[in-house]
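Tertiary structure, described
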Amino acid sequence: MFGNLFEEDEEDSSFVLPGGGGGVEPGSKKAEPPAPRGALNLSGLQNQGGTCYLNSLLQTLLFSPEFREELFSLGPEELGCLEDKDKQEAKVRVIPLELQRLFAHLLLVDQQAASTADLTDSFGWTNREESSQHDVQELNRILFSALESSLVGTTGSSLIHRLYHGTVVNQIVCKVCGYLSESQEDFLDLTVSVSGVSGLEEALWNMFVEEEMFEGNNLYRCSRCNVLVEAAKSAKLRKLPPFLTMSLLRFNFDFTKCERYKETGRYTFPLSINLKPFCEQAERPESEYTYELFSVIIHKGGCYGGHYHVYIKDIDQLGNWEAPEEELKPKFVKKEAQLSEPVLEKEDPLSVLIAILSQEESKSILVDQLGQKLLDTIGVSWNKKFRKQYGPIGKFLHSHSDVFMLVSNATRVALKSTTLTLVTDTSLKNLSVSHELDLKPADGPHWFDLNDSTVTPIHERDIEKQFQGKESAYMLFYRKAELCRPEEAKQNPSYKVPPHLLRMVQEENARLRQRREEFESSTNTVEVHLHLAPHYQLENGALWPKGSTQDSTLTLNFDRRRTVGDFRQAIYQMQDTWEGDMALTLAKSLPAGLHLYNTLTDDQQSLFSAGVTNGSDLFVWNGREVCGTSVQMGSEWEPVLLTLLRASNGAEEQGGAEDASGSGLLRVMRGFPGGTTLEVVCEALGPEDTLLCQEESQPGSSGGGASNWRVFPPSEMHRTLKELSLKDGDTLLVLEPQVLDTSLFSLRGDVVTVTTPSDCRWLQVEFRPRGDRPREGKENGEERRREKISASGNMLLSEVKQSAIEQLDMQEQLIGVECCLRQVDHTGKLLPPLREDLTVREAGVKLMTSLFLCRGAAPGPTQLFLYFTVSSGSSTGAEMEIMVEESITVKECLRLMLKAACLEGDWWHLRKMDWCEEVGDPLMDEDASLTELKIGTGDTLVVTEGQLPPKGFLKLPIWMLGESDESFCQADAKGNHVINGVGNQREGLPSADGLGGPGQFAGHVEISVEASLDDLKIQVLTLPILQDLCVPTPAFLRVWLLEGRRPSRILRGRLQPLKKMKLRNGMELGVQRLLKEEDLGLKELLLWVKIGVPGERKYYPSEELVWDAGREGSPRSLRQAIAAQYGLSADSLHMAKYCPEKYTWMAISSWSQQVSKRKKKKKAENLYGAPFHLKDGDIIGVKNLLIDSNKDFSTLEDELEQQRLQQEAEGRKRGGQNGGGEPSVEVTAERRGSGKQRKPEVALSINVGHFR
C-alpha cells in the first residue's frame, strides 16, 4: 500500500565500503582499512543503499540479551557450517549462522561499522532489494518467520515463539442470556492506533478495556439464543511474552483526498508500563506485568520518504557512555540559595539573552527558538526592539563570542564555561558560571542512538523528543522488568559467545591490525628531496647548483612519524664522506633560486610535527655558510627575480638580450634578497649616480613609441624590496649618468621618458579600396598598396594620412574623395576611423603597426562612429556603419539609421549590443541624447522591429511549456507539472528532462514594471489561448525566463514587483501549469534529477527536486537532498551536472582536500559559483555506487551527439556549412524512447531452505 514509503535521508551516516574499506585517498598506496571503534566501544552497521530499516532492527535484536544468547547457544552440530553451504547433501541453516557471525562482529571486532552483505545474501536478496526501501514493521514479521523456518528441528525451534509471541483473547458476552463466546489469537507484535489518541496507554485502554457494544441496528446473533441480541465485545491479553513489541500506526491513507499522510501529532509512551489493567488474569505478581522500554525505532521524514535509526538501552553496559557534545555546556548556579531570581533589564539585550539561557535546563537552546523565547519573556520581538541598534540576533551572538558559544553547526547557542562578571547589569550579579560540568554518568544502563554506522550517546530524556514531529517513534520494544542479568554478563561482550566465533573474531582483529599497520606505514612515507651544500653556490641572493641537478639533489623516502634525529642518522649513512656538523633546513625553489627557511633543531621532534611533507625540499649543510658565504634565511629574505632594463652600448653583454621591440634597451634577469634595500641594489648595478626607475601607467603612454618611468626618490632608497612590494618579474630601468645625454632618454623632474629610436619610428599604411577584411590581390581593378610612413608620437594623424597619400601616389585618384585612417582588430574587422585632430600618441596608436587608408570621412571632435544592424523577427541583417553627432537624440539616430537602411515606418526601436555581442535592453528614453545614454564611438546598435511599450511598461512574449494542442490535463506523477504524456513529447523537446524549450507560442502581454509576479500570471491567463485552461490560483503557474528559447530561471516572489526581477522588454517567458501550489524561496533551486540504470548507460525518467541551498550550497548539501528524495545513502552517491550544449557531464565531487594543521581549512565549494553555476532547470545525473560501479555518466546518445558536433567542427574548418549534418531519424527515435519507467513495487521477502 505504501510503496516506496521509507526512502532514506542520510545525514550523518558515514559510508564504508562493503569490503570494510572506507575509501581510497588519492595517491595512497593501499586501500584504507575500516576505522576502529571509537571511545563508545560500540559498532554500527553499514548502509547498503536502502537498508537503514534492517540495521535498526538488527541492532535491537543484538541488544536483546536473551535473544542474543539463545541464538549463540545453537552450535554447528545443529546449524551446520557455512563452509558446507554449497554442498547439496548438507543442511546448512545459513540465516541463523550469518546472524551469529554478524552479532559476533558487532560485539567484538574492532571496527566502526560491520557489513550486512553476507546476511542479506543469505536472505537471497540482490542489489535491487538492498537498494530498495521497506517497512521495518513488515521486516520484523518476515525476519522472525524466516528464523522460525530456519530453526525447525533444532533446540531453538521455539526461540521466537517463547520470546516474542503472546496471546490475545476476544470475548463477546450476550446481554440477554450471558453466554460468553471466546476466540484466541496469537500475536508477534501489537499494532496500536496513533490517530485520535494521546499516547500508548490510552490506545491500549481502548483496545483491551473499552467494550464495543452491539446495539440498535448493529446487533449480534447469539448462538444460544439464536436471535439478534445486544452484546458487548472486548479483548484481553492472556499471555505476555518476555519481549513485547508495539507497532505504531503512524502512516495512514486519506480516502477523501486519495493521498497518504503521516501522523505527526504528539503521542506519548512510558519508559515503564504496567499491563495488569489490560490482562485477563490479574492475580499474578506485579513484576510479571511490568515492562521496561529498551528500544525505540524512529522514522524521520514524511510518507513519501525518510530514514530509520534506533534509540537503544544498553542493558549489559557493553558501551562506554559519555556526555553528548551538546551537553558539554556550562552550568549556571546561584551564588547564594536565598537570593531571589534576577530582575531582567529589558533594554539590555545581553542581559535578556543570558537570563533566558540560564533558565534552560541544559543552559543551551536552538538559535531558531531563541527569538520566540525572547518574545515570550519581554513581550517584544528582537526585530522590533533591538535589530535597528544591534543588527540581527545571529550577528549579535557572534559579536559576543566571549559570552555565547555556537555549537552543532551554529544551530544551537550556549553560554561559555568561564566565570563572567557582568558589571553592566546589576540584575545578573547573582549568576556565575561554574567551571565544573556534571558529566559523570550515573550508574546503570545508558541509552545510545544507533544511526547506521554512527553511534551517539543520548540521555533518557531525549526519548521524549520522539513523541511527535516528522522524526518520531515508529516501533517500541519492551522487556519484562523481572528478567535480570547476571553480573558476569555486564561489560563483557564475549559473554556466551561460542568458542569458534571467538577464534574467528581474534583472527579478524589480527588481520585488521596488520592492515592498519601496513596502511599507516604506506600513508606516512614521504618523499623528501635533499639538496647537498657542497654542490651549491650563492648567486644573487639565492642558491644555485654548480653542476647538473641530478648530482646536487638526492631523493629519500622516510616515515614521517620518525624523529628528525633518525632522519639525520639516515643521511649520515647515505653520505659516509660527510664531515662535521649537519644542519637540515627547509627550503623552497623560487624563480630566483633555492631559498632557505627554518632549520630543524629538535632531534626528538617527528618529521610531521616539523612540517616535512611529501615532496618537501631540505638543504643539507653546516648551518653557517655555503662555499664560504653566509646565507640569509627566512621569509623576509626571500629573493626577488627582477627584470632590469638598461641602455644598450652596442656590445653584447653577458646575460643580456636585446628587447624584442627594438627599443635599444638591454634586458637582464637578476635576483636580489627581499630584505635588501634599494640603495644596496643601486650600488650593485652601477656607479654612485645611477638612477633606478619603475614604469608608471599614464593615459597615452602606450602609443607613440614612448614610455614614462618614475625615478625612486631618496626617501625610498632605504626601504627593502619587500617593503616596496616588488615581486618576481617586476621591471626596473637602470640609468647611468652618461646615458641621460642621449636622445633615447629625457629627464623631467622625477619622470624619465624613453623614446623609441629613429629606426623604429614608422607606421605602415595600406590602402583598402572597400571597407572589408584584408585580402590578397586586386579588387575592382584597384591594386592594394602599402607603404612605410615616417612618424613620431607627436605627429598629427592628418599629417600621417597626407604623407601616406603622397607616398602611395594616390593624389589624383583621391581628388574629391574623403578618406580616413582605420585600425583592425585581431579578426581583421575594421575599427572606427581615427580622429585626425589627435596625435599618434593621443590616439593610442603604437609605432611599427599598420593603419588602413579607407574611403569615408573621419569623425570630428563632436561626432560618433556607430555600427548598426537591422533585426526583423528571428533574422539579423548585415552590419552597417553611420556617423552621427553625439548630441542627437535616440529618435533622431533611429530615423537616420532607417534612412540608411532604406526602411520606413514607426514600428522600430533601438537596442544596444552588450560587450558579449548579445542584444541588450531597448533604449527606452527616445528623447535622451546619445551622450546621456553613454553611447560612444564603436558601439553597435540594433534596429529592432516592434514599437516600444509606454514608459514604465514591459512587453513580454509568452510561451506555454509542457502543454499540447490537444490536451491540457494529463498529469505527470514524477513531478509537479502537466506534460503531454510520457513518451510522446513535442518535437524538439527532451523526453524526460523537464522542459527543454517552448511548446506553443501564447502571445504577448503588456504590463507595468510595478506589477507583481501574481499580476503577471493573472494577465497571462487572459490570453485567448489560455482562457479555457483550468488554473485555480496563480500559485498553480510557474513562470520561467527563457534564454535561447530554453528555460533558464524561475521567477520567484509572488508579491515582488517585476522591476526587481531584472526583466526587460522583449524577454521571453515560459509558463508551466502545476499540479499543486508552489512558492519557491530565493535560495531554492528546481533541478531535474536522473538516476542511472545500474549496469546500463541509461537513466530512469527524470524527476523534479526542489533543493533548499540557503544554508549551504555545497555538493554535500545537494547529495543529502537527493538521498532524502530517493531513499539512498548519501555517501554512496556520485553526481554530475549535464551540459546540454556539449552533451557532456561535469562530475560534482565534495571530497575535501587534506591540508596541514598550519594551513587554514579550505572553504566548502559552492555550487552557485564556478565551475558549476547551478541554476533552475539544470539536469543532475546520479549514480548509486553501491549497485553501479560505472562512474561514466555519458550515454550512447551523448556520444553520437558529440561525434556530430565534432564532424560539424571539422566541416567548418574545411569550409563546409553542415559538416556533421543532423542525426538520423533512427537515432532521434532511439533517444526519445530511451527513458525507462520506474520499476514496479516488489514485496519484501526472505528465502529460506527446507529443514523439515
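Quantities reported herein were computed from a predicted structural model and do not represent experimental measurements.

So, about the packing of aromatic side chains. Counted by the stated rule, this structure contains 25 aromatic pairs. A centroid spacing of 6.0 Å and a plane angle of 35° characterise the contact between Phe214 and Tyr220, whose relative ring orientation is tilted. Per residue, the accessibility class of Phe214 equals that of Tyr220, and both read buried. Considering the side-chain rings of Tyr308 and Tyr474, the 5.9 Å spacing of their centres and the 45° angle between planes classify their relative orientation as tilted. One end of the pair, Tyr308, is in strand S15 (residues 305–313); the other, Tyr474, is in strand S23 (residues 471–480), and 166 residues separate them in sequence. Each member of the pair, Tyr308 together with Tyr474, is buried. Joined through ring pairs, the aromatic side chains of Phe67, Phe103, Phe144, Tyr164, Phe243, Phe294 and Phe477 make up one cluster.

What follows deals with the confidence of the model for the protein chain. Of the residues in the protein chain, 81% reach a pLDDT of 70 or more, and the chain-wide mean stands at 80. Note that residues 1–29 has pLDDT below 50 and, in this model, 102 contacts with residues that lie over four places away or in other chains. Taken as a whole, residues 417–440 scores under 50 in pLDDT and shows 56 contacts with residues more than four places along the chain or in a different chain.

Judged by pairing direction, the sheet is mixed, and its five strands sit side by side in the order S57-S54-S60-S58-S59 without closing on themselves. What marks the edges here is a single partner per strand, and that holds for strand S57 (1000–1008) and strand S59 (1046–1050). Taken pair by pair, the neighbouring strands of this sheet meet at an average axis angle of 40°, ignoring direction. Judged from the five bridges that link them, strand S58 (residues 1037–1043) and strand S60 (residues 1069–1073) form a sheet pairing that is antiparallel. Counted as the bridge partner of Leu1041 is Leu1069 from S60. Against the sheet, helix H21 (residues 1013–1020) touches strand S54 (953–961), S57, S58 and S60, its axis set at about 130° to S57.

Before going further, it helps to examine the sheet that holds strand S45 (residues 819–824). Across the sheet, which stays open at both edges, the five strands sit in the order S44-S41-S47-S45-S46 with mixed pairing between neighbours. The open sheet is flanked by strand S44 (786–790) and strand S46 (830–833), the only strands paired with a single partner. In this sheet, neighbouring strand axes are inclined to one another by 35° on average, regardless of whether the strands run parallel or antiparallel. Where strand S41 (residues 762–768) and S44 come together, five bridges link them in antiparallel fashion. Paired with Glu766 across the bridge in S44 is Arg786. Across the face of the sheet, helix H19 (residues 797–807) comes into contact with S41, S44, S45 and strand S47 (850–855) while running at roughly 135° to S44.

This paragraph deals with the nonpolar core. Core analysis: the biggest nonpolar cluster contains 70 residues, and Phe67 and Phe103 have the highest contact counts within it. If one sorts the elements of this core by residue count, helix H4 (residues 94–108) sits on top with ten residues. With sequence-adjacent residues up to four places away left out, Phe67 is seen in contact with Leu61, Leu99, Phe103, Leu147, Leu159, Ile160, Leu163 and Tyr164. In terms of nonpolar packing, the next biggest core, distinct from the first, is built from 35 residues, Leu200, Leu248, Tyr289 and Tyr311 among them.

Take H4 next. Relative to the 21 Å expected for 15 residues at 1.5 Å per residue, H4 spans 21 Å between its end C-alpha atoms, a close match to the ideal helical length. Burial analysis of H4 places 14 of its 15 residues in the buried class, which makes it a mostly covered element.

This next bit is on H19. Residues spaced three or four apart along an α-helix face the same direction, because each turn holds 3.6 residues. Residues of H19 that are buried: Leu797, Val800, Lys801, Ala804 and Ile805. Axial view of H19: buried residues confined to an arc of 135°, hence all on one face. The inward-facing, buried residues of H19 contact S41, S44, S45 and S47. Following H19 by one or two positions, Asp809 has its phi on the positive side, about 55°.

This next bit is on the pattern of salt bridges. Pairs can form between side chains of opposite charge whenever their charged atoms are close. Enumeration according to the criterion identifies 42 salt bridges in this entry. Of the charged contacts in the structure, one is a salt bridge between Arg516 and Asp110, with a shortest N-O distance of 3.5 Å. A residue pair is termed long-range when its members are at least 10 positions apart, and Arg516 in helix H15 (residues 499–523) and Asp110 in the loop between H4 and strand S2 (113–114) qualify at 406 residues. Accessibility expressed as a relative area gives 30% for Asp110, which makes it partly exposed. Between Asp1188 and Lys1183 there is a salt bridge whose closest N-O contact spans 3.7 Å. Owing to a relative accessible area of 6%, Asp1188 belongs among the buried residues under this scheme. By relative accessible area, which is 2% here, Lys1183 ends up buried. Via salt bridges that share partners, Arg68, Glu69, Asp316 and Arg485 belong to a single interconnected network.

Before going further, it helps to spend a moment on the environment of Val1089. Along the chain, the position of Val1089 falls in strand S61 (residues 1084–1091). Overall, Val1089 belongs to the buried group, its relative accessible area being 0%. As for Val1089 and Gly1181, which are separated by 92 residues in sequence, their C-alpha atoms are 5.9 Å apart.

As a further point, take unusual backbone geometry. Phi is positive for Gln491, close to 55°, though the residue is something other than glycine. Turning to its location among the elements, Gln491 is positioned in the loop between S23 and H15. Of the residues examined, Gln491 reaches a relative accessible area of 60% and is grouped as exposed. Although it is not a glycine, Asn540 sits at a positive phi angle of roughly 55°. Judged by relative accessible area, Asn540 falls into the partly exposed class, the value being 37%.

Note that strand S3 (residues 166–174) and strand S9 (residues 231–239) share eight bridges and pair antiparallel. Residue pairing for S9: Thr167 is matched across the bridge by Lys239. In this sheet, S9 lies alongside strand S6 (residues 212–214) in antiparallel orientation, the contact comprising three bridges. Residue pairing for S9: Phe214 is matched across the bridge by Ala231.

On to the pairing of S54. Most of S54 is tucked away: seven of the nine residues are buried. Relative to S57, S54 runs antiparallel, the two being bridged by eight bridges. The residue bridging Lys955 from the neighbouring strand is Glu1006, located in S57. Where S54 meets S60, four bridges bridge the pair, whose relative direction is parallel. By the bridge assignment for S60, Leu961 is matched with Gln1072.

As a further point, take a negative patch on the surface. A surface patch of negative charge is lined by Glu679, Glu683, Glu688 and Asp689. By the secondary structure assignment, Asp689 is in the loop between helix H18 (678–685) and strand S36 (691–695). Given a relative accessible area of 54%, Asp689 falls into the exposed group.

The contact between helix H2 (residues 65–72) and H4 brings their axes to 10 Å, and the two run at 120°. It follows that H2 is oblique to H4 by the angle criterion. Between H2 and H4 lies a crossing of left-handed hand. Across the interface between the two elements, Phe67, Arg68, Leu71 and Phe72 from H2 touch Pro96, Leu99, Gln100, Phe103, Ala104 and Leu107 from H4. The residue makeup of the contact of H2 with H4, split by class, is eight nonpolar, one polar and one charged.

Our focus in this paragraph is the packing of helix H1 (residues 52–62) against helix H7 (residues 136–150). Axes are the key here: two packed helices are described by the angle between their axes and the distance separating the axes. Running from N to C, H1 and H7 point in directions that differ by 55°, and their axes come no closer than 9 Å. By the angle between their directions, the pair H1 and H7 is classed as oblique. As H1 runs across H7, the sense of the crossing is right-handed. Residue-level inspection shows Tyr53, Leu54, Leu57, Leu58 and Leu61 of H1 in contact with H7, the latter providing Val136, Leu139, Asn140, Leu143 and Phe144. Partitioning the contact of H1 with H7 into residue classes produces nine nonpolar, one polar and no charged.

Let us look at the side chain of Asn140. The residue Asn140 is located in helix H7 in this model. According to the relative accessible area criterion, Asn140 is buried, its value standing at 0%. Look past the residues within four positions of Asn140 in its chain and what remains in contact with it is Leu57, Leu188, Thr245, Met475 and Phe477.

Calculation criteria
- Residues numbered from 1 in each chain as written.
- Predicted model: local features only at pLDDT ≥ 70, side-chain atom pairs only at ≥ 80, totals over all residues.
- Heavy atoms only, no water.
- Phe/Tyr/Trp six-rings, centres within 6.5 Å; stacked < 30°, edge-to-face > 60°.
- Buried < 20%, exposed > 50% of the residue type's maximum accessible area, 1.4 Å probe, protein only.
- Helix = DSSP H or I, 4+ residues; strand = E, 2+ residues; numbered from the N terminus.
- pLDDT = per-residue confidence, 0-100.
- Contact = heavy atoms within 4.5 Å.
- Pairing = 2+ DSSP bridges.
- Axes fitted to C-alpha atoms, helices over the stretch in contact; angles between N-to-C directions.
- Core = buried A, V, L, I, M, F, W, Y, C linked by side-chain atoms within 4.5 Å.
- Expected span 1.5 Å × (residues − 1).
- Arc of directions from axis to C-beta.
- Salt bridge = Lys/Arg side-chain N within 4 Å of Asp/Glu carboxyl O.
- Patch = residues over 30% accessible without salt bridge, like charges linked within 9 Å, V, L, I, M, F, W, Y side chains within 5 Å.
- Areas by Shrake-Rupley, 256 points an atom, 1.4 Å probe, with all protein chains shown as cover.
- Lys, Arg positive; Asp, Glu negative; His and termini not counted.
- Charge placed at Lys NZ, Arg CZ, Asp CG, Glu CD.
- Parallel < 35°, antiparallel > 145°, perpendicular 65-115°, else oblique.
- Left-handed = near helix turned anticlockwise from the far one by under 90°.
- Nonpolar A, V, L, I, M, F, W, Y, C, P; charged D, E, K, R; others polar.

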